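# Examining the three-dimensional arrangement
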Amino acid sequence: MRIIKAVRSAYKKCKRKSPLNVKYIFIDNDKNHIDCLKNYSMLEVGLEELVNQQQHEISGDFGSLIEQCEFICRDFENIVSYCISIAENRKGHSFFLIDPFGWSHVSMNSIRRINTLKGSEILYTYMIRDLKRFVIGKNGLDTVNFNKILEASGYYELESLKLLDRVSEQRYFRNESLRLFRDKGNAKYAHTFSLIPKGFTVVLYYLMHFSQNITALQVMRDALWKHNNLYHFFEFEVYGFGLKTIDYYEQNQKLDFYIEDSLENHESCIDILDKDLGENIRNGYEATFEQICNDYMEKHPATKNHFEYLINRLLQDKEIEILRANKILRERDGKNIRKQDIIRYTGNKQLYLF
């Protein structure tokens, strides 16, 4: 329902003149859930006209928005081919929000097929706690099924796993999960979004974002900086971004999911980015701004604005120069960095005397 309203709002904001045709497919294997959505929730938020599953057109000052909802009561694995064919036939963008009851309800094959779609994105709930309890380091039927359904043989097999401290263990789970879904799920760009209950170090599950386009990752990263409510500096190298789960707020009687970016968070991010990207530039790494984002955005919590900020700081310190169409930019022009601008090291370092 939030997605429907967000699409409506964005359509008005972009002042698109050509029609936009959007189809929403809701899938749940529990008929009570589907009935509640159709007969109560949609009505409560003023979307009752979409319940009949017919196309509805909203005409505006600039163009028309065509909407249609479809409600399906089946297991996702049994209907995923239908969803993929719908996306292929429409030749547009597709967004799959997949929230299974457990890891066994969605196969790696389905993830891979969706990621193969042009213009596709996935936001997928991946329960990590149960993997540790029932699968990882075990040899029972759960492990066999896990390896079969998620094609995970060869992953999560660190022999010294029990010797890791809690933070190192969480880092290992996160990195192995990313490695698994990148390798087997055909995810070009992958990002984790942690949900942590009743504490600060144990992840209950990840929201994993998969996309084929760097812009999709950039947009997701911007949104997560706005809504993240973990302590940035601690979580940067372990968890990325995240939310404490609802039980934390039930105990603390505070339901504010918004955190304002602070100067401290911003500077911590820049410092971490400088230790990697900045040092590599000083060691001879030369690339376009677009290539820099492609090479480094997955490795860091930084947004596009953070990359621009760091490059401008290096430019002001005379450590780099920016080439545009074979011409070196003046320092004041560096604030408007373009995709094809080339960033290269000068070998100089600005000296400050105090």
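Look up: the structure comes first, before these words.
Residues numbered from 1 in each chain as written. Predicted model: local features only at pLDDT ≥ 70, side-chain atom pairs only at ≥ 80, totals over all residues. Heavy atoms only, no water.

### Some words on helix 3 (residues 76-90)
Residue pairs three or four apart in sequence face the same way in an α-helix, which turns once every 3.6 residues. Rule in force here: Helical segments are the DSSP runs of H or I of at least four residues, strand segments are the runs of E of at least two, and each set is numbered from the N terminus. Helix span, as expected, comes to 1.5 Å for every residue beyond the first. Burial classes: relative accessible area under 20% of the type maximum marks a residue as buried, over 50% as exposed, and values in between as partly exposed (1.4 Å probe, protein chains only).
For helix 3, spanning 15 residues, the distance from its first C-alpha to its last is 20 Å, which sits close to the expected 21 Å at 1.5 Å a residue. Among all positions in helix 3, only Phe76, Ile79, Val80, Cys83, Ile84, Ile86 and Ala87 are buried. One or two steps after helix 3, the chain reaches lysine 91, where phi turns positive at roughly 55°.

### Some words on the layout of surface pockets
Using the following cut-off: Space inside and on the surface of the protein is sampled on a 1 Å grid over the protein atoms alone, with a cavity defined as a set of points where a 1.4 Å probe fits but cannot get out and a pocket as an open set with protein on both sides within 12 Å along at least 5 of 7 lines; lining residues have an atom within 4 Å of a point. Grid points are joined across faces, edges and corners, and a volume is the space filled by probe spheres set on the points. Under the convention adopted here, Pro, Cys and the residues Ala, Val, Leu, Ile, Met, Phe, Trp and Tyr are nonpolar, Asp, Glu, Lys and Arg are charged, and Gly plus all remaining residues are polar.
By volume, the second largest pocket amounts to about 440 Å³. Lining the second largest pocket are 19 residues, and of these Ile136, Gly137, Lys138, Tyr156 and Leu161 lie nearest its centre. Elements with a contribution of two residues or more to the lining of the second largest pocket: helix 5 (129-135) and helix 6 (141-149). Sort the elements by how many residues they give to the lining of the second largest pocket and helix 6 lands first, with three residues. Broken down by class, the residue content of the lining of the second largest pocket amounts to nine nonpolar, four polar and six charged.

### Some words on the side chain of serine 211
Using the following cut-off: Polar contacts, as used here, are pairs of N or O atoms within 3.5 Å; protein pairs need one atom able to donate a hydrogen and one able to accept it. Residues neighboring in sequence count only if both atoms are side-chain atoms. Only heavy atoms matter for contacts: two residues are in contact if any of them lie within 4.5 Å across the pair.
Take serine 211: it is sitting in strand 7 (residues 205-211). Here serine 211 falls in the buried class, since its relative accessible area comes to 0%. Within the structure, the side chain of serine 211 is placed 3.4 Å from the backbone oxygen of asparagine 213, a separation counted as a polar contact. Every residue in contact with serine 211, bar those within four places of it in the chain, is listed here: Ser120, Glu121, Lys188, Tyr189, Ala216 and Leu217.

### Points about the sheet that holds strand 1 (residues 20-27)
For clarity, the threshold we go by: Two strands qualify as a pair provided that DSSP identifies no fewer than 2 bridges between them. Each axis is a line fitted through C-alpha atoms, taken for helices only over the stretch in contact, and angles between the N-to-C directions span 0 to 180 degrees.
If you walk across this open sheet you meet the three strands as 1-3-2, and the pairing is mixed. A single partner strand is all that each edge strand has here, and the edge strands are strand 1 and strand 2 (56-59). The sheet shows a mean angle of 20° between the axes of neighbouring strands, taken without regard to direction. In the packing of helix 1 (residues 2-14) onto the sheet, contacts are made with strand 1, strand 2 and strand 3 (64-72), and the angle to strand 1 comes to roughly 170°.

### Some details on the sheet that holds strand 12 (residues 342-345)
Read across the sheet, four strands follow the order 9-12-10-11 without closing on themselves; strand pairing throughout is antiparallel. Each edge of the open sheet is held by one strand with a lone partner, namely strand 9 (287-288) and strand 11 (327-328). Summarising the sheet, strand 10 (residues 320-324) and strand 11 pair through two bridges and their orientation is antiparallel. When the sheet's bridge partners are listed, arginine 324 is paired in strand 11 with lysine 327. Across the sheet, helix 13 (residues 304-316) touches strand 10 and strand 12, and the angle it forms with strand 10 is around 110°.

### Some words on the packing of aromatic side chains
Rules: Only Phe, Tyr and Trp rings take part, Trp by its six-membered ring, and two of them pair if their centres are within 6.5 Å. Stacked means planes under 30 degrees apart, edge-to-face means over 60, and tilted covers everything else.
Enumeration according to the criterion identifies nine aromatic pairs in this entry. For the ring pair phenylalanine 181 and phenylalanine 210, a centre distance of 5.3 Å and an interplane angle of 25° mean the geometry is stacked. One end of the pair, phenylalanine 181, is in helix 7 (residues 166-185); the other, phenylalanine 210, is in strand 7, with 29 residues separating them in the sequence. Per residue, the accessibility class of phenylalanine 181 equals that of phenylalanine 210, and both read buried. Ring geometry for tyrosine 285 against tyrosine 296: centres 5.5 Å apart, planes inclined by 70°, an arrangement best described as edge-to-face. Taken together, the residues tyrosine 285 in the loop between helix 11 (263-282) and strand 9 and tyrosine 296 in helix 12 (residues 289-296) connect sequence positions 11 residues apart. For the pair tyrosine 285 and tyrosine 296, a shared accessibility class is recorded, and that class is buried. Aromatic rings pair up to connect Tyr124, Tyr126, Phe181 and Phe210 into one cluster.

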